[in-house]
Amino acid sequence: TDAPIYIGKNALVMEGCIIKGGLAMCENAVLKMGAKIYGTTTIGVKSVGGGEIKNAIINDYSNKAHDGYLGDSVIGEWCNLGAGTTNSNVKNSAGNVKLWSYYSNSYINAGLKCGVIMGDYSRAAINSAINTGSNYGVCCNVFGVGLLPTVLHHFSWGTQIMSKYIFEKALTDISNWKQLKGKKISVEEIAILKYIFDNN
């Protein structure tokens, strides 16, 4: 009654899902058993949604397949959120959320609710605790103890030492993820990633 629900070609809604519109499930998308969708959400082509999702965009070929909360967030293509990963979207103070802007090279006001913006090819380990107003770059391997930092630059490897993803290993890992969904990394993708890596 609030907004439309679109279920694309060959999309799968498993048993026990609770869906509130609006929702757009793109072609071959999957909602896992018992998923709770609170609306204003998009699940991209061949992407997987599970757990609790509200006001989020999960772009093509990405996975949030398990329990945990994702809210007021944008997840890029070819991302993966490990089981139990949860983001905060409201500060404990209920004040305005500040989000790092690469364009202005400063924090900007994101309003009262903002979860995580995650760049393409980034992945979060199981039980990751993602802070309010987080901005993670392209191809980050996100893992660490406790509440994670709000800014991770492109090709970050972990959060404690802030070391950099080795480029060749990043390509191998991306290729492995693509194979899971019947795809291959292209020459164009490699060139774009190398440019980002070299200019980060």
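Residues numbered from 1 in each chain as written. Predicted model: local features only at pLDDT ≥ 70, side-chain atom pairs only at ≥ 80, totals over all residues. Heavy atoms only, no water.

**Some points on unusual backbone geometry**
Now for step 1: A cis amide bond links Gly-21 to the next residue, Gly-22, at an omega of 0 degrees.
Now for step 2: By the element assignment, Gly-22 lies in the loop between β3 (18–19) and β4 (23–25).
Now for step 3: Backbone geometry places Asn-55, a non-glycine residue, at a positive phi of 50 degrees.
Now for step 4: Inspection of the secondary structure puts Asn-55 in strand β9 (residues 52–58).
Now for step 5: With a relative accessible area of 33%, Asn-55 lands in the partly exposed category.
Now for step 6: A positive phi angle, close to 50 degrees, is found at Asp-72, a residue other than glycine.
Now for step 7: In this structure, Asp-72 sits in strand β11 (residues 69–75).
Now for step 8: Owing to a relative accessible area of 12%, Asp-72 belongs among the buried residues under this scheme. (Helix = DSSP H or I, 4+ residues; strand = E, 2+ residues; numbered from the N terminus. Buried < 20%, exposed > 50% of the residue type's maximum accessible area, 1.4 Å probe, protein only.)

**Considerations on the side chain of Asn-87**
Now for step 1: Along the chain, the position of Asn-87 falls in strand β13 (residues 86–87).
Now for step 2: Polar side-chain contacts of Asn-87 include one of 2.9 Å to the backbone nitrogen of Gly-71.
Now for step 3: Non-local contacts of Asn-87, meaning those with residues more than four positions away in its chain, are made with Tyr-69, Leu-70, Gly-71, Ser-73, Gly-115, Val-116 and Ile-130. (Polar contact = N/O pair within 3.5 Å; in protein donor to acceptor, adjacent residues only side chain to side chain. Contact = heavy atoms within 4.5 Å.)

**Here we look at empty space enclosed by the protein**
Unoccupied space between atoms shows up once a probe the size of one water molecule is rolled over them.
Now for step 1: Inspection of every chain in the model, using the stated rule, returns 1 cavity of 30 Å³ or more.
Now for step 2: Each pocket or cavity is described by its volume, and for the largest cavity that value is around 40 Å³.
Now for step 3: What lines the largest cavity is Lys-64, Tyr-69, Leu-70, Leu-81, Thr-85, Thr-86, Asn-87, Val-116 and Ile-130.
Now for step 4: Every element with two or more residues in the lining of the largest cavity is listed here: β11 and β13.
Now for step 5: Of the residues contributing to the lining of the largest cavity, the split by class is 5 nonpolar, 3 polar and 1 charged. (1 Å grid on protein atoms, 1.4 Å probe; cavity = no way out; pocket = protein on both sides within 12 Å on 5 of 7 lines; lining within 4 Å. Points joined across faces, edges and corners; volume = space filled by probe spheres on them. Nonpolar A, V, L, I, M, F, W, Y, C, P; charged D, E, K, R; others polar.)

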